[in-house]
Structure formats: C-alpha cells, structure tokens
Amino acid sequence: MTDFDGGRPALSPARIRFALLALALGGFGIGSTEFVAMGLLPEIARDLLPGLAAASPDDANAQAGWVISAYALGVVVGAPTIAAAAAKWPRKRLLLVLLTAFTLGTIASALLPTFGLVLVARFISALPHGAYFGIASLVAASLMGPGKRARGVALVLSGLTIANVIGVPAITWLGQAAGWRVAYLAVAGIFALTFLAVALAVPYQPGDPGATIARELGAFRRSQVWFALGIGAIGFGGLFAVYTYVAPLAIEVTGLPAAVVPLVLVAFGLGMTLGNFVGGRLADWSVRRSMYLFFAVLAASLLVLGFTASNPVGLFIGVFLIGGSSAALSPTIQARLMDVARDSQSIAAALNHSALNIGNSLGALFGGLAIAAGLGYVAPIWIGFVLTLAGIGLALASFALDRSRGRRGVVVPYATGAVEVVDA
C-alpha cells in the first residue's frame, strides 16, 4: 500500500497525527503574530513613538494601530499573489519557504529600530499568511483521506483560534513584562519550531500540475466572488474595530489594570474557538441562513459592548460574544467564496484571508481615526456596528442576486453539493 505520491509507503496513523499537529502549529504562530499587537499597542506606541506618546497617548495608540493595518495589507497582497503564482510548487517545499519568510519577517519586526521600518517588516511578515493556510489545508485534506478531510482542515485552522486562547494572552503578558520586542521574538521562535516540525513530519506532496495563473485569477471575473469578498472585508471590520483597541478600552474605559488585558484576550479567544466550531457545523446546514444569523448576533454583541464597556462584566461578555459570532462567520464566508469561485479553488481559499484582513485594516483605520478625533475608545465599537450593518446589506444583495439569476439563468452543481447560477 502506498500513499498519495504514488510510490512511498503509506503513512502510519502516528505520522499523520504528527504532520497535522505540525501544520496546526503554523496556524498557532500565525494567530499569535497577527493578534498579539492588539494587546501591546500602548507598549509599542511608547517605544516607537515616544514623543507623541508623551504628548498624547491617545494619538500615539491610534498611530501605533498602523502596525496592525500594515500586517493586514500584507495578507491582502500576498494571499492571491502567492496562491496564483506558486500553485504548481510541491506543497511541502512551499510551506517551508513560507515558514522561513514568517520567521525572518517576525525577527525583523522585533529588531528594527524605527516605526517606519517596523511597518515595512510587518507588511512583509504578512505576505505568506493566506497562502500558508490554503496550502496547509490542502495537505491536511490529503493526509486525512476521503471521509475525514474536513476534520484535517479544521485541525489546521484550530491552531489560529487556540492561539487566541493561549498564545496571544501568554505572549501579551510576556510583552508587558519584558517588552514588546521580546514578544515578537517568541513568535519567531514558534515559526522556527514549526519549520522543523513540518520538515520532519509532513511528507512530500506535488503541486497542482494543471494550475495556471490565468485559471486562478479567473475568479475575479465573477461578480459573486466580489460580493463574497466585500461581505468579509466590510462585515469583519466590526470585529477588528474593537479588537485592535481592546487594550486601551479595557484600561481607559473599563478601568482595569494592564495585567488584566491578557484575560480579556482569553475571553476573545474562547469565543472565537467556540464560534469557529459552531460556524463550521451550521454552514454545512445552510450558508445563507448561517450568514444572516451570525451577522445578527455580531451586531447585537457590538450593541451590548457599546452600552456596557465601562463595566468589567459587560466588557468580558461583550468581547466573548463578538469573538464568537465573528469567528462563526469565517467558515461561512469561506464556504460561500468556495461555492462561487468554481474551479479557482486555490485562490479562493487564500482570498478569504485577504477579505478578512481588509476588514482588519478598515477596522483599525476607522477606529484609530475616531480615537485621534477625540471621540474616545468606545467610538470604535459604534464604527464596528456600522460596518457590520454594511456587511449584512452586502449579504442580502448577494443572495438576492442569486434569486434573480435563478429566474433567468442556468444552475451549475458543484462537487461540494452547492449550486451557483452562471452569470447571465
């Protein structure tokens, strides 16, 4: 019996588990590097923007939020570019190249001396983000085999949500105690460890021999792909408008000491872990109904936090609900994007991360502008609420377009069991 590459002995169950855990460790590192800055914004601002921080801590925190926006923009640029250009590469080799880039970029983020250089390093560090998740999910699906593929993909993605429960709070605590640069060096260590684990555990897999840049980029010719990207980009801005400034919100509005911020991040992470599980299950039931449901819960959660942020109980309940409802939307939007992308599946998997990180950038940008304008740290919550309503509007328009085309178009079945109406 041989494995998927046609000539090698079949992998043992222990080897498969080791390979899947290695891939999930990469997701853990990505979740840590993406979200740890949100708990360390005051420390980053004081170190990289000392003059501004001394004159106006609020303005310094708002400008430090650009570090998060730079990472998000790197994901947006890198995900489709790498997915389209490297689809033919052997998958293990591509994963190792991406992990090398993660490691070196994160070390640079920790060591570079000026705010501008750190922004460039965060942008470069983010370029492999979407491609890693897309390729790692394909490898996991192949390792698990027919009938178990979804569980393999879920295990890879679980690394990111678990990072928000364990990794981000722990590294935030480390950054508060030893400095934000030490925190990023710890994240670089996670990526270096993942490189070794993938090199040792993940077997060779060929790329997609039929993949071409033109085929993958063909997804952009479909209007429903753009709707799905808009739903993720704008709708998810609601989460990041809050999450980006959660540390100063907890300290300045709720009145909690800085030492409690990691616990607030744990509440976010627990909500995201639960939401990811629930969202995946319900998206299999109905993508449309699940999207409406989770957007409604997200909007309601933002209202709860907006009115109760000054109370510690309200803060913890609000961030838990926001984390859970937004994480539940992620697999739902992914399923929608995969349905409407047709044969451009590699780039579709990566584009989901581009969309969500546009939301990251928009949320951080608009929230920072509100803070810089003197509106306070509760203002990003209301901006998030408006962005969520816009996401709901795009979802309604997208599914209405499906119904309209259904009255005059051709319905195309997918291997996933989904259907789409061909653009008329």
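How each quantity is defined
What you see as residue numbers is a count from 1 along each chain, following the sequence as written. Owing to the predicted nature of the model, reporting of local features is limited to residues with pLDDT of at least 70; listing and counting of side-chain atom pairs is limited to 80 or more, with chain, interface and lining totals taken over all residues. The side-chain numbers reported here are obtained from all heavy atoms of the structure, hydrogens and water having been left aside. A run of H or I in DSSP becomes a helix once it reaches four residues, and a run of E becomes a strand once it reaches two; helices and strands are each numbered from the N terminus. Any residue under 20% of the maximum accessible area for its type is buried, any over 50% is exposed, and the rest in between are partly exposed; the area is computed with a 1.4 Å probe on protein chains only. Any two residues whose heavy atoms approach within 4.5 Å at even a single point are treated as in contact. To be clear on the numbers: accessible area is Shrake-Rupley with a 1.4 Å probe, and residue cover counts the displayed protein chains and nothing else. The salt bridge definition used is simple: a Lys or Arg side-chain nitrogen within 4 Å of an Asp or Glu carboxyl oxygen. A pair of aromatic rings is counted whenever rings of Phe, Tyr or Trp (Trp by its six-membered ring) have centres within 6.5 Å, and the orientation is called stacked for planes under 30 degrees apart, edge-to-face for over 60 and tilted otherwise. Expected span of a helix: the number of residues minus one, times 1.5 Å. Here a polar contact is taken to be a pair of N or O atoms separated by no more than 3.5 Å, where protein atoms must pair a possible hydrogen donor with a possible acceptor and residues adjacent in sequence count only if both atoms sit in side chains. Angles here are taken between N-to-C directions and fall from 0 to 180 degrees, while the axes themselves are lines fitted to C-alpha atoms, restricted in helices to the stretch in contact. In this scheme the crossing of two helices becomes right-handed for a clockwise turn of the near helix relative to the far one and left-handed for an anticlockwise turn of less than a right angle. Summary of the metric used: pLDDT quantifies the predictor's per-residue confidence within the range 0 to 100.

## Let's talk about the overall build of the protein
Consideration 1: Scanning the protein for helices and strands turns up 19 helices and 2 strands.
Consideration 2: When burial is assessed residue by residue, the protein has 56% of its 424 residues classed as buried.
Consideration 3: The long-range fraction of contacts in the protein, counting pairs at least 24 apart against all pairs at least 6 apart in sequence, stands at 80%.
Consideration 4: Of the roughly 16,200 Å² that the protein leaves accessible, carbon and sulfur atoms contribute 72%.

## Observations concerning the pattern of salt bridges
Consideration 1: In this structure the tally under the stated criterion is 2 salt bridges.
Consideration 2: The closest approach of N and O atoms between Glu43 and Arg46, which form a salt bridge, is 3.7 Å. Here Arg46 and Glu43 lie together in helix H2 (residues 41–48), a separation of 3 residues that amounts to about one turn.
Consideration 3: Overall, Glu43 belongs to the buried group, its relative accessible area being 15%.
Consideration 4: The residue Asp47 makes a salt bridge to Arg181 at a minimum N-O spacing of 3.2 Å. On the criterion of sequence distance, the pair formed by Asp47 in helix H2 and Arg181 in helix H10 (residues 180–201) is long-range, its members being 134 residues apart.
Consideration 5: Judged by its relative accessible area of 38%, Asp47 falls in the partly exposed class.

## As for the packing of aromatic side chains
Pairs of aromatic rings are described using the distance from one ring centre to the other and the angle between the two planes.
Consideration 1: Summed over all chains, the structure comprises 11 aromatic pairs.
Consideration 2: Measuring from ring centre to ring centre gives 5.2 Å for Phe35 and Tyr243, while their planes differ by 25°; the resulting arrangement is stacked. With a gap of 208 residues between them, Phe35 in helix H1 (residues 13–39) and Tyr243 in helix H13 (residues 237–243) connect regions that are remote in the sequence. Tyr243 matches Phe35 in its accessibility class, with the two residues each being buried.
Consideration 3: Three or more aromatic residues link up through ring pairs in this structure, and these residues are Phe35, Phe236, Phe240, Tyr243 and Phe268.

## Observations regarding the environment of Ile213
Consideration 1: With respect to the secondary-structure elements, Ile213 resides in helix H11 (residues 213–217).
Consideration 2: For the pair Ile213 and Ala85, spaced 128 residues apart in the sequence, the C-alpha separation amounts to 6.0 Å.

## A short note on the environment of Asp402
Consideration 1: Locating Asp402 in the fold gives a position in helix H19 (residues 379–406).
Consideration 2: Placed 178 residues apart in sequence, Asp402 and Gln224 show a C-alpha to C-alpha distance of 8.6 Å.

## Looking at helix H17 (residues 312–340)
Consideration 1: The end-to-end C-alpha separation of H17 is 42 Å, in line with the 42 Å expected for 29 residues at 1.5 Å each.
Consideration 2: Judged by how many residues are buried, H17 sits mostly within the fold: 21 of 29 residues are covered.
Consideration 3: A distance of 2.8 Å separates the backbone nitrogen of Val313 from a side-chain oxygen at the start of H17, and that oxygen is part of Asn311.
Consideration 4: Just downstream of H17, Arg342 is the residue with a positive phi angle, here 60°.

## Some remarks on H2
Consideration 1: Burial runs high along H2: 6 of the 8 residues are buried.
Consideration 2: For H2, the complete set of buried residues consists of Leu41, Pro42, Glu43, Ile44, Ala45 and Leu48.

## What to know about the side chain of Thr106
Consideration 1: Within the fold, Thr106 resides in helix H6 (residues 91–111).
Consideration 2: Each residue touching Thr106, except ones within four places of it in the same chain, is listed here: Thr33, Arg122, Ser125, Tyr184, Val187, Ala188 and Phe191.

## Concerning the packing of helix H5 (residues 66–85) against helix H7 (residues 115–126)
Consideration 1: Viewed as axis vectors pointing N to C, H5 and H7 meet at an angle of 35°, and their least axial separation amounts to 7 Å. Taken as a pair, H5 and H7 cross one another with a handedness that is right-handed. On the side of H5, the interface is formed by Trp66, Val67, Ala70, Tyr71, Leu73, Gly74, Val75 and Val77, while H7 contributes Phe115, Leu119, Arg122, Phe123, Ser125 and Ala126.

## Some thoughts on the confidence of the model for the protein
Consideration 1: Put simply, the protein has an average pLDDT of 83, and 89% of its residues get 70 or more.
Consideration 2: Here residues 1–7 is modelled with pLDDT under 50, and outside its nearest four sequence neighbours on either side it reaches 17 contacts, counting other chains as well.

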